[in-house]
Amino acid sequence: MTSVSAAGKEFKQGPADPTRAIHLNAPEGTSRTAVHDWLKSTFGDVERTCVREDGKGWAQFVKLRVQMKATERVVYRAVRNIGKVEVYHYGKHPKEMKTMPFTTEYPRRCVHIPLLPETMSDVEVRELTSGHGEVVQVVVRPSKAGPIIGFVEFEREEDAQGLVTHGHLRGTSGLITVQKYYRPLGD
């Protein structure tokens, strides 16, 4: 097998078991060792790590439950020796992600988007909402009733309240309604 070069633009080799792996985005110039050490100290049981010079990479864990724990959040802030790191399930490009659960410890920092265009991804919703404040996490998924819905958590409560007061986002296909997030019963 060909070895992976951190300087290369494409990975020549991927994880042996993608079900136990993650995609990650770190700041440009982040070293493989820094990412590997952070993953090991935070989650444990890291088998392999690969990071390119542009900060994009992947990691494979020994156990699936460790991968699931790592992908509970999308954004990790103030990571020692790194900064901000985004983590996604391996095998899905962030634009293709449509089914991540939404959980938050800070419901007042969140907004609910009850109807999104079918083709809109997490990344596009993040781009639309980031103009209203720093975004911590975005989840886009089908609702039980059918339409595509979204949830956005901001760093500050004031940013979420400001967007709710504004009432909408301006998307490529027109205005997108934004509402206050209410934590579901039993959550």
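So, a few notes on the structure that sits alongside this text. Source: prediction; values computed, not measured.

Thresholds applied
- Residues numbered from 1 in each chain as written.
- Predicted model: local features only at pLDDT ≥ 70, side-chain atom pairs only at ≥ 80, totals over all residues.
- Heavy atoms only, no water.
- Pairing = 2+ DSSP bridges.
- Helix = DSSP H or I, 4+ residues; strand = E, 2+ residues; numbered from the N terminus.
- Contact = heavy atoms within 4.5 Å.
- Axes fitted to C-alpha atoms, helices over the stretch in contact; angles between N-to-C directions.
- Buried < 20%, exposed > 50% of the residue type's maximum accessible area, 1.4 Å probe, protein only.

Section: the sheet that holds strand β6 (residues 110–116)
Two modes of strand pairing occur in sheets, parallel and antiparallel, and in both the strands are linked by backbone hydrogen bonds.
Working step 1: Spatially, four strands are ordered β7-β8-β6-β11 in an open sheet, and the strand pairing comes out antiparallel. Edge positions in the sheet fall to β7 (135–142) and β11 (179–180), since each has one partner strand and no second.
Working step 2: Inspection of the sheet shows β6 paired to β11 by two bridges, in the antiparallel sense. Directly across from His112, in β11, lies its bridge partner Gln179.
Working step 3: In this fold helix α3 (residues 122–129) packs onto β6, β7 and β8 (148–154), with an angle of close to 135 degrees to the strand it touches most, β7.
Working step 4: Lying over the sheet, helix α4 (residues 157–166) contacts β6, β8 and β11, oriented at roughly 35 degrees with respect to β6.

Remarks on the pairing of β8
Working step 1: Buried residues dominate β8, accounting for seven of its seven residues.
Working step 2: Burial of β8 is two-sided: the residues Ile148, Gly150, Val152 and Phe154 facing one way and the residues Ile149, Phe151 and Glu153 facing the other way are all buried.
Working step 3: Both β6 and β8 contribute to a ladder of five bridges, which runs antiparallel. Within β8, the position partnered with Ile113 by the bridge is Gly150.

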